[in-house]
Amino acid sequence: MTKITPHPHQAEALEAIANSTADKGRVVMPTGAGKTLVEAFVLRDAINDHSETRIHLVLAPRIALVNQLIREYRSFAGQNYIAVAFHSGTHEPDYTKVKWSETSTTKVDNVKAELDKAEKLGKDLVVFSTYASCHKLIGFNFTTLIADESQYCTAENFFDSIRNLSAARKLFFTATERHALSAAGRGLNNADVFGEVIYQVAPQPLIDGGHIVAPRLHVMSASAKSDGYTVIDEV
């Protein structure tokens, strides 16, 4: 694992999370600001700060992103845990870089078996799941829940699952908060479900600091054709 020093805004996010005593909360960082590193470091610290086997959950909207997070978490947080990819797809680990593997499954019994294996080895278990599959994990008592791209948590078919998943601490990471008109609705501004904002940084300071690039707007014009096709031209 390569030693990585967080950028100042990432260090600020980690400090804010560490200093928060809330059991749930939101972290809002622009695209490109390095949310994944912050997430992985939070998980690393949770794994290292204990004396018994525990189980953690990392959520993402798509199978490809789940698999990407598995790889990136390993590079940022190390290998001192057992991972399960809880979705219907497959993942081929790169054995030329690290010596580990994980199970891809949607069977709860397999997760229980991996947790038993982790306990025997004295390691934590980290379940990486899609939002579409996480409802099957209701009933587990997770120590940490990390939701990547958490704006997806507000979807009608995911909201109840997120609310009913049990975790000592739930952290919701996003670049684009999705709010509801009511604070009791399915928006991330529902503090009962998602908590308050623990850390937030605006794009401009990160652009000024050279950490992210300014967004570019590409203007397009479209014209509909009678045969049902649409022609789009860049302006």
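Note that the structure is a prediction, hence the values are computed from the model and not measured. (Residues numbered from 1 in each chain as written. Predicted model: local features only at pLDDT ≥ 70, side-chain atom pairs only at ≥ 80, totals over all residues. Heavy atoms only, no water.)

Before going further, it helps to spend a moment on the nonpolar core. Counting residues in each nonpolar core, the largest one holds 35 residues, and the members touching the most others are I17, M29, V38, Y73 and F128. Elements supplying a minimum of two residues to this core: α1 (8-19), α2 (35-48), β2 (55-60), α3 (63-77), β3 (81-86), β5 (124-130), β7 (166-174) and β8 (196-200). Excluding anything up to four places from it in sequence, I17 contacts V27, V38, V42, R169, L171, F173 and I198. In this structure, L59, L145, A147 and V193 belong to the second largest nonpolar core, which totals 28 residues. (Core = buried A, V, L, I, M, F, W, Y, C linked by side-chain atoms within 4.5 Å. Buried < 20%, exposed > 50% of the residue type's maximum accessible area, 1.4 Å probe, protein only. Helix = DSSP H or I, 4+ residues; strand = E, 2+ residues; numbered from the N terminus. Contact = heavy atoms within 4.5 Å.)

Our next topic: the packing of aromatic side chains. One pass over the full model with this rule turns up six aromatic pairs. With a centroid separation of 6.5 Å and an interplanar angle of 20°, the aromatic rings of Y131 and Y152 are classed as stacked. Of the two residues, Y131 is situated in the loop between β5 and β6 (141-147) and Y152 in the loop between β6 and α5 (156-164); the sequence distance between them amounts to 21 residues. According to the relative accessible area criterion, Y152 is partly exposed, its value standing at 31%. (Phe/Tyr/Trp six-rings, centres within 6.5 Å; stacked < 30°, edge-to-face > 60°.)

The full count for this structure, using the stated rule, is five salt bridges. For R44, the salt bridge is made with D45, and the minimal N-O distance between the two is 3.1 Å. A residue is classified by how much of its surface remains accessible, and D45, at 38% relative accessible area, is partly exposed. K120 is the salt-bridge partner of D116, the closest N and O atoms lying 3.3 Å from each other. Here the residue D116 and the residue K120 both occupy positions in helix α4 (residues 108-121), the gap between them amounting to four residues, near one helical turn. (Salt bridge = Lys/Arg side-chain N within 4 Å of Asp/Glu carboxyl O.)

Our focus in this paragraph is the packing of α1 against α2. Look at α1 against α2: their axes get within 10 Å of each other, and the N-to-C directions meet at 40°. By the angle class used here, α1 and α2 are oblique. Viewed along their axes, α1 and α2 form a crossing whose handedness is right-handed. Between α1 and α2, the residues in contact are Q10, A13, L14 and I17 and L37, V38, F41 and V42, respectively. (Axes fitted to C-alpha atoms, helices over the stretch in contact; angles between N-to-C directions. Parallel < 35°, antiparallel > 145°, perpendicular 65-115°, else oblique. Left-handed = near helix turned anticlockwise from the far one by under 90°.)

Estimated volume of the largest pocket: approximately 280 Å³. If you go around the largest pocket, the residues you meet are L14, I17, A18, V42, D45, A46, D49, R54, T143, T144, R169 and L171. At the level of elements, α1, α2, β6 and β7 are the ones that each hand at least two residues to the lining of the largest pocket. Here the lining of the largest pocket is composed, by residue class, of six nonpolar, two polar and four charged. (1 Å grid on protein atoms, 1.4 Å probe; cavity = no way out; pocket = protein on both sides within 12 Å on 5 of 7 lines; lining within 4 Å. Points joined across faces, edges and corners; volume = space filled by probe spheres on them. Nonpolar A, V, L, I, M, F, W, Y, C, P; charged D, E, K, R; others polar.)

Here the chain averages 87 in pLDDT, while 87% of its residues score no lower than 70. Under a pLDDT of 50 for its full length, residues 91-100 has, in the predicted model, 14 contacts with residues more than four places off or in other chains. (pLDDT = per-residue confidence, 0-100.)

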